[in-house]
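Okay, here's what each chain looks like letter by letter:
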Amino acid sequence: MTFPSDDPHQTKAARKSKLVRWIFVAVGLIFTSVGASFLYSTYAFQQTAIATTAEVLSVETFRKRKRDNDGHMKTSITYEPTLRYRDHFGAEHVATPNIRSSSYNFPVGSEVEVAFSPDDPGEVRVNDFLSTWGFGGLFALFGLVFAGIGWFATRTHERKLAARTQAVTRQR
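Bear in mind the structure is a predicted one, so any value in this text is a computation, not a measurement.

**Details of the environment of Ile77**
Right, so step 1: Tracing the backbone shows Ile77 in strand E2 (residues 73-86).
Right, so step 2: For Ile77, a relative accessible area of 30% puts it in the partly exposed group.
Right, so step 3: The spacing of Ile77 and Lys64 is 13 residues in sequence and 6.5 Å in space, taken between C-alpha atoms.
Right, so step 4: Discounting residues that sit within four places of it in the chain, Ile77 has contacts with Thr61, Phe62, Arg63 and Ser102.

**Focus on the pattern of salt bridges**
Right, so step 1: Counted according to the given criterion, the structure contains four salt bridges.
Right, so step 2: Among the salt bridges present, the one from Glu92 reaches Arg86, with a minimum N-O distance of 3.6 Å.

**Here we look at a nonpolar patch on the surface**
Right, so step 1: Judged by side-chain polarity, Ile30, Val34, Phe38 and Phe135 come together as a nonpolar surface patch covering roughly 370 Å² of accessible area.
Right, so step 2: Top element by residues in the nonpolar patch is helix H1 (residues 12-48). It accounts for three residues.
Right, so step 3: As for its placement among the helices and strands, Ile30 is situated in helix H1.
Right, so step 4: The exposure class of Ile30 is exposed, given its relative accessible area of 52%.

**Brief notes about the nonpolar core**
Right, so step 1: Within the largest apolar cluster, 13 residues are counted, with the highest numbers of intra-cluster contacts made by Tyr85, Phe106, Val112, Val114 and Val124.
Right, so step 2: Of all elements in the fold, only strand E1 (50-67), E2, strand E4 (111-116) and strand E5 (124-126) reach the threshold of two or more residues within this core.
Right, so step 3: Setting aside chain neighbours within four positions, we find Phe106 in contact with Val56, Val59, Pro81, Val112 and Val126.

**Observations concerning the confidence of the model for the protein**
Fine structural detail should not be taken from predicted coordinates in areas where pLDDT scores are low.
Right, so step 1: Mean pLDDT for the protein: 84, with 84% of residues reaching 70 or above.
Right, so step 2: Every residue in residues 1-5 scores below 50 in pLDDT, and together they form nine contacts with partners more than four places removed in sequence or on other chains.

**Looking at the pairing of E2**
Right, so step 1: Bridging between E1 and E2 involves twelve bridges; their strand directions are antiparallel. Counterpart to Arg65 in the pairing with E2 is Thr75.
Right, so step 2: Connecting E1 to the antiparallel partner E2 that follows it, the hairpin turn spans five residues, and Gly71 within it adopts a positive phi of roughly 90°.
Right, so step 3: Linking two consecutive strands that pair antiparallel, namely E2 and strand E3 (residues 92-95), is a turn of five residues; a positive phi of about 90° is found at Gly90 within it.

**Quick word on the sheet that holds E2**
Right, so step 1: Overall, antiparallel pairing links the five strands, which are arranged E3-E2-E1-E4-E5 in an open sheet. A single partner strand is all that each edge strand has here, and the edge strands are E3 and E5. Adjacent strand axes in the sheet meet at a mean angle of 40° when their direction is disregarded.

**Concerning the packing of aromatic side chains**
Right, so step 1: For the structure on display, the rule yields ten aromatic pairs.
Right, so step 2: Ring centres of Phe31 and Phe139 lie 4.9 Å apart, and the angle between their planes is 20°; on these two criteria the pair is classed as stacked. One end of the pair, Phe31, is in helix H1; the other, Phe139, is in helix H2 (residues 129-171), and 108 residues separate them in sequence.
Right, so step 3: Of the residues examined, Phe31 reaches a relative accessible area of 25% and is grouped as partly exposed.
Right, so step 4: Measuring from centroid to centroid gives 5.7 Å for Tyr104 and Phe106, while their planes differ by 25°, and the two rings are stacked.

**A few points about the side chain of Ser131**
Right, so step 1: Relative to the helices and strands, Ser131 is located in helix H2.
Right, so step 2: Of note is the side chain of Ser131, whose polar atom sits 2.9 Å from the side chain of Tyr104.
Right, so step 3: A polar contact is formed between the side chain of Ser131 and the side chain of Asp128, at a distance of 2.6 Å.
Right, so step 4: The residues contacting Ser131, other than those within four sequence positions of it, are Ile99, Tyr104 and Val126.

What counts and how
Residues numbered from 1 in each chain as written. Predicted model: local features only at pLDDT ≥ 70, side-chain atom pairs only at ≥ 80, totals over all residues. Heavy atoms only, no water. Helix = DSSP H or I, 4+ residues; strand = E, 2+ residues; numbered from the N terminus. Buried < 20%, exposed > 50% of the residue type's maximum accessible area, 1.4 Å probe, protein only. Contact = heavy atoms within 4.5 Å. Salt bridge = Lys/Arg side-chain N within 4 Å of Asp/Glu carboxyl O. Patch = residues over 30% accessible without salt bridge, like charges linked within 9 Å, V, L, I, M, F, W, Y side chains within 5 Å. Areas by Shrake-Rupley, 256 points an atom, 1.4 Å probe, with all protein chains shown as cover. Core = buried A, V, L, I, M, F, W, Y, C linked by side-chain atoms within 4.5 Å. pLDDT = per-residue confidence, 0-100. Pairing = 2+ DSSP bridges. Axes fitted to C-alpha atoms, helices over the stretch in contact; angles between N-to-C directions. Phe/Tyr/Trp six-rings, centres within 6.5 Å; stacked < 30°, edge-to-face > 60°. Polar contact = N/O pair within 3.5 Å; in protein donor to acceptor, adjacent residues only side chain to side chain.

Right, here's the structure in full:
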């Protein structure tokens, strides 16, 4: 495996191309590592968390306006529910999950499955697949795809170079 500066005979464009491919790999590996870290943190939480049912007391709405690529204003909405639940000792807690989500628009008074930490019952998370594993999983998946594209492009380019080198060697 060589890096762009290793071969003095490469053209400037070839060195830039190789650098871009390796940047794809590096950024992909960084995203994969961060995603894996989130997944591990979630896994560790789930190992000790206690599942229960919570009542939705209120739902706060957060609106964020920003321009899209066409210059149009776009509004994204996320929700933060306030939940009431009982811990494993029967003590009542009122808390909000550690993240906001566009899928947390629960009707007030409805019941929601949650998981809380027995060490800190105020640390509560909505207990559904996407809320639990979605962020870390998507982060890791994005990183794997990005690194895979960079690795595949690098391997394909190296194979093409090797084939050209063999063809030139045979002609001599």
